[in-house]
Amino acid sequence: MKGMVFTSFLEMVETKFSLKLVDEIIESADLQSGGSYTTVGTYDHHEMIKLVVQLNEKTGIPVADLVRTFGEYLFVQLLTMHPDFAVENSTVFEFLQKVDSYIHVEVRKLYPGAELPTFQYDTSISGMLIMTYSSSRPFADLAEGLINGCIAHYGESIEMKRINLIDGTSARFELTKVEA
Ligand code: HEM
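Sequence order as written defines the numbering, with residues in each chain counted from 1. Thresholds applied to this predicted model are a pLDDT of at least 70 for local features of residues and 80 or more for the giving and counting of side-chain atom pairs; totals over whole chains, interfaces and linings are not thresholded and use all residues. To obtain the side-chain values, all non-hydrogen atoms of the structure were used and water was disregarded.

Caption draft 1: Local environment of the overall build of the protein. Under the scheme used here, helices are H or I runs from DSSP no shorter than 4 residues and strands are E runs no shorter than 2 residues, and both carry numbers assigned from the N terminus. Helix and strand counts for the protein stand at seven helices and four strands. When the helices and strands of the protein are placed in sequence order, the string is α-α-α-α-α-α-β-β-α-β-β. Computed over the C-alpha atoms, the radius of gyration of the protein is 16 Å, within 12% of the 16 Å expected from 2.2 N^0.38 for a compact globule of 180 residues. Each of the three principal axes of the protein carries a C-alpha extent, and together these read 50 × 35 × 30 Å. Here the protein has roughly 9,200 Å² of accessible surface; of this, 54% comes from carbon and sulfur atoms. We score Asp and Glu as negative and Lys and Arg as positive, and we do not count His or the chain ends. In this description, the location of a charge corresponds to atom NZ of lysine, CZ of arginine, CG of aspartate or CD of glutamate. Across the protein, the mean location of the 14 positive side-chain charges is 3 Å away from that of the 25 negative side-chain charges. Every radius of gyration here is taken over C-alpha atoms, with the globule rule written as 2.2 Å times N^0.38, N being the number of residues. Surface accessibility in these figures is a Shrake-Rupley result with a 1.4 Å probe; residues are shielded only by whichever protein chains are displayed.

Caption draft 2: Spotlight on the layout of surface pockets. Looking at the largest pocket, its volume works out to about 170 Å³. Lining the largest pocket are 13 residues, with Ile-49, Val-63, Val-67, Pro-138 and Phe-139 sitting closest to its centre. Every element with two or more residues in the lining of the largest pocket is listed here: helix 3 (46–59), helix 4 (63–81) and helix 7 (140–154). It is helix 3 that provides the largest number of residues to the lining of the largest pocket, a total of four residues. A cavity here means a set of 1 Å grid points, computed over protein atoms only, where a 1.4 Å probe fits but cannot escape. A pocket is an open set with protein on both sides within 12 Å along at least 5 of 7 lines, and lining residues have an atom within 4 Å of a point. Grid points are joined across faces, edges and corners, and a volume is the space filled by probe spheres set on the points.

Structure representation (structure tokens):
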């Protein structure tokens, strides 16, 4: 997992909680990297899981909620670093359909060693977008948070239903436009 995901996560913990809590979770997570990440470095994704579990133990907030919240936060960070992806796509459905075929393809060029999921899309039902997340890593909650971040960015009213397929490594997201 890329260092920029870890630095964004620790920034979120500092912003939403405190720098003291950042130090505490790094201390108690027993990380091979020692918790010092460079944005371009690549680290074991299990370190992210360890950090989130420590944050859960210290705050009592469920792991899934923490990861979803981080997904929303990360979406804003990613767009701040790469604003073109939003400029080129004018709606949520347009943007999300580009994640697999374009955005993550560009990400691979920008961040060598990035471990990225795959998405399959079903657009056969009008007013709906169904996207199926698959990965060897258990980050379906992160995907859900990133999708929520995308919906918030465009300010559209969209209902999302999630169906878990394989324990955190695969899930189907059914997005339905809510007519005003
Ligand atoms: C709503 C849209 C998006 C979704 C649902 C999404 C989903 C994900 C997920 C779930 C991961 C974690 C890796 C895994 O599960 O295997 C991931 C990683 C990543 N994504 Fe996306 N993504 C989105 C948009 C973007 C955008 C806009 C960017 C860049 C501008 C981006 C860049 C990355 C990077 C750099 C990683 C980390 C890879 C690594 O750590 O090795 N994603 N994405």
